Amino acid sequence: MSVRVAIVYYSATGSLQAMAERLEQAAAGTGAEVRRRHVREIAPREAIDSNPEWAEHVAALADEPVAEPDDIAWADVVLLGSPTRFGNVTSQFQQFIDQLGPLWSEGRLADKVYAAFTSSQTAHGGQETTLLAIYRMVAHFGGIVVAPGYTDPLKFADGNPYGVSHASGADNDAPLGDKELAALDHLAHRAIDIATRLAA
């Protein structure tokens, strides 16, 4: 039986989208069954339209599947992603999490493997606190946090033991580099490996 992986994330201008797509590729490469789902946009239209990159990305995601609570219930491994907003998750991501109460009350969020990823404009823009905020939620779920730590030498290159983070630059257009791509691959592979061992 293959491991089921849900990649659930919010992306405003594309950085988290690129990270989620890489995680999907890495997870699928292990033979896992993967659902990549973006969190629904809830910002006012006038706010979106005030930022051309944001508006363009919202349009690009129009036909992509939207995350639903059932995607979390379905999965053995859940990879959660949000850009950082003042050191925390976005309101869009939090709104999705707030829908999970019924599953939580039934114990259906527990005993799954969770790991997280994030992006901000600068390298010290609240990335680690955003990842820790996600893991604080996971603790309430009864989930199993599988942070990458320094379990592979490549983590000394990307330097984030909590998850994977990306600095998108002032214009939010910096592409993922080799160290981020390698770290994303490692995050997916490690989470799936641990889930497989737990199920054995």
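Residues numbered from 1 in each chain as written. Predicted model: local features only at pLDDT ≥ 70, side-chain atom pairs only at ≥ 80, totals over all residues. Heavy atoms only, no water.

Focus: helix H9 (residues 178–199)
- Here H9 contains 22 residues, and its C-alpha end-to-end distance of 32 Å stays within 8% of the 32 Å for a straight helix at 1.5 Å per residue.
- Three or more residues of H9 are buried, namely Glu 180, Ala 183, Leu 184, Asp 185, His 186, Leu 187, Ala 188, Ala 191, Ile 192, Ile 194 and Ala 195. (Helix = DSSP H or I, 4+ residues; strand = E, 2+ residues; numbered from the N terminus. Expected span 1.5 Å × (residues − 1). Buried < 20%, exposed > 50% of the residue type's maximum accessible area, 1.4 Å probe, protein only.)

Quick word on the nonpolar core
- In this structure, Val 5, Ile 72, Leu 79, Leu 80, Phe 93 and Phe 117 are the most contacted members of the largest nonpolar core, which totals 58 residues.
- Top contributing element to this core by residue count: H9, with eight residues. (Core = buried A, V, L, I, M, F, W, Y, C linked by side-chain atoms within 4.5 Å.)

Describing the pairing of strand S2 (residues 33–38)
- In this structure, strand S1 (residues 4–9) lies alongside S2, joined through six bridges in parallel fashion. In the sheet register, Val 8 faces S2, and the bridge partner there is Arg 37. (Pairing = 2+ DSSP bridges.)

Brief notes about the packing of aromatic side chains
- As enumerated under the stated definition, the model contains two aromatic pairs in all.
- Taking the centre distance of 5.7 Å and the plane angle of 50 degrees together, the rings of Tyr 114 and Phe 141 count as tilted. Separated by 27 residues along the polypeptide, Tyr 114 in strand S4 (residues 113–120) and Phe 141 in helix H7 (residues 127–141) bring together distant segments of the chain. Assigned by exposure class, Tyr 114 and Phe 141 land together as buried.
- For the cation-ring pair, Arg 35 lies above Trp 74, with the distance from its terminal atom to the ring centre recorded as 4.1 Å. (Phe/Tyr/Trp six-rings, centres within 6.5 Å; stacked < 30°, edge-to-face > 60°. Lys NZ or Arg CZ within 6 Å of the ring centre and 35° of its normal.)

Observations concerning unusual backbone geometry
- With phi around 55 degrees, Phe 86 is a residue other than glycine that occupies positive phi space.
- You can see Phe 86 is positioned in the loop between strand S3 (77–83) and helix H5 (91–97).
- For Phe 86, a relative accessible area of 90% translates into the label exposed.

Regarding the pairing of S3
- With seven of its seven residues buried, S3 lies for the most part within the structure.
- Residues Val 77, Leu 79, Gly 81 and Pro 83 point to one face of S3 and Val 78, Leu 80 and Ser 82 to the other, with burial holding for every one of them.
- The pairing of S1 with S3 spans five bridges and is parallel. Bridge pairing links Val 8 to Leu 80 in S3.
- As judged from the seven bridges shared by S3 and S4, these two strands associate in the parallel manner. The residue bridging Ser 82 from the neighbouring strand is Thr 118, located in S4.

Brief notes about the environment of Gly 143
- With respect to the helices, strands and loops of the structure, Gly 143 is situated in the loop between H7 and strand S5 (144–145).
- Between the C-alpha atoms of Gly 143 and Phe 93, which are 50 residues apart in sequence, the distance is 18 Å.

Section: the environment of Ser 120
- The residue Ser 120 is located in strand S4 in this model.
- C-alpha of Ser 120 to C-alpha of Gly 169: the two residues are 49 residues apart in sequence and 7.7 Å apart in space.
- Leave out the neighbours within four places in its chain, and Ser 120 touches Thr 84, Gly 125, Gln 127, His 166, Ala 167, Ser 168 and Gly 169.
- A polar side-chain atom of Ser 120 sits 2.7 Å from the main-chain carbonyl oxygen of Thr 122. (Contact = heavy atoms within 4.5 Å. Polar contact = N/O pair within 3.5 Å; in protein donor to acceptor, adjacent residues only side chain to side chain.)

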